[in-house]
Every structure is written in C-alpha cells, then in structure tokens.
Amino acid sequence: KKELSRASLETLSINLYKSGITRAEIDWIRGVNSSFILRQLLIRGLIERETHPTDTRRYIYRSSFELIKYLGITKLEELPRFTEMQEILNKNLVSSEVEAQELVDEK
C-alpha cells in the first residue's frame, strides 16, 4: 500500500522490460548497488527470484504474476515500447560484456 520510491520504480521497470535479469546486470544498468531495492521488491511480492541455471551462486529476478496482474496486462509484450526497450537493454548489456572482456584481455 505504501508508494514505491524512485529507485524501486527504476529497478522494477528494468525487471519488467528485461525479465530474467541478474542483480549484477541491474546494478550495471542503474550504476548503483540494487540489493536493498531488490529485497524490498521481493518482500512486496512484485518480483520473484530463482537460482541461475548455470551458476547456483547467482539469482535471476523476474516480474511476479501479481505485478503483471496489477498492471492489467496478460503478458509482458503488452508493455509500452516493449521490443524497443528490450533492444536497448540487450545492446547495453552486450557492450558491457565486450568492454569487460577487452579489459581482461589487456591484462
């Protein structure tokens, strides 16, 4: 019932448009640590987490059914500018992986 903070809305938006995202990816997009915000969203039931399929030390965060129902949509593709936002997020995440690999290669 309490309103969401700006940081919570930002994190929730990232999660909606890039469902199936790790905390590290959210942190990179936002530029700050998102642990506290993710915990608050989990407590409120707005997102869900599951163990990463290839690395059991990490989690993947997804939008909960309750959130999707609250928004009045039946699938995430109904969000405004869904494909455009997914392309932007994917492009930024891929470019960050390339930059990280270049830094490793330099050392």
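In what follows, the accompanying structure is described. This one's a predicted model, so the numbers in the text were calculated from it and none came from an experiment.

### Considering the packing of helix α1 (residues 6-17) against helix α2 (residues 23-30)
For the pair α1 and α2, the least separation of the axes is 11 Å and the interaxial angle reads 120°. By the angle class used here, α1 and α2 are oblique. Considering only the axes of α1 and α2, their crossing is right-handed. Packed against α1, whose contacting residues are Ala7, Glu10, Thr11 and Ile14, the element α2 presents Ile26, Ile29 and Arg30 at the interface. When grouped by side-chain class, the residues that make up the contact of α1 with α2 number four nonpolar, one polar and two charged.

### Notes on the packing of aromatic side chains
The final tally for this structure, using the stated rule, is one aromatic pair. Above the face of the tyrosine 59 ring, arginine 49 is positioned so that its terminal group lies 4.0 Å from the ring centre.

### Considering the packing of α1 against helix α3 (residues 35-44)
Between α1 and α3, whose axes approach to 10 Å, the crossing angle comes to 80°. Comparing their axes, α3 and α1 come out roughly perpendicular. Of the residues in α3, those touching α1 at Ala7, Ser8, Thr11 and Leu12 are Ile37, Leu38 and Leu41. A breakdown of the residues in the contact of α1 with α3 according to their chemical character gives five nonpolar, two polar and no charged.

Each value, and the rule that gives it
- Residues numbered from 1 in each chain as written.
- Predicted model: local features only at pLDDT ≥ 70, side-chain atom pairs only at ≥ 80, totals over all residues.
- Heavy atoms only, no water.
- Axes fitted to C-alpha atoms, helices over the stretch in contact; angles between N-to-C directions.
- Helix = DSSP H or I, 4+ residues; strand = E, 2+ residues; numbered from the N terminus.
- Parallel < 35°, antiparallel > 145°, perpendicular 65-115°, else oblique.
- Left-handed = near helix turned anticlockwise from the far one by under 90°.
- Contact = heavy atoms within 4.5 Å.
- Nonpolar A, V, L, I, M, F, W, Y, C, P; charged D, E, K, R; others polar.
- Phe/Tyr/Trp six-rings, centres within 6.5 Å; stacked < 30°, edge-to-face > 60°.
- Lys NZ or Arg CZ within 6 Å of the ring centre and 35° of its normal.

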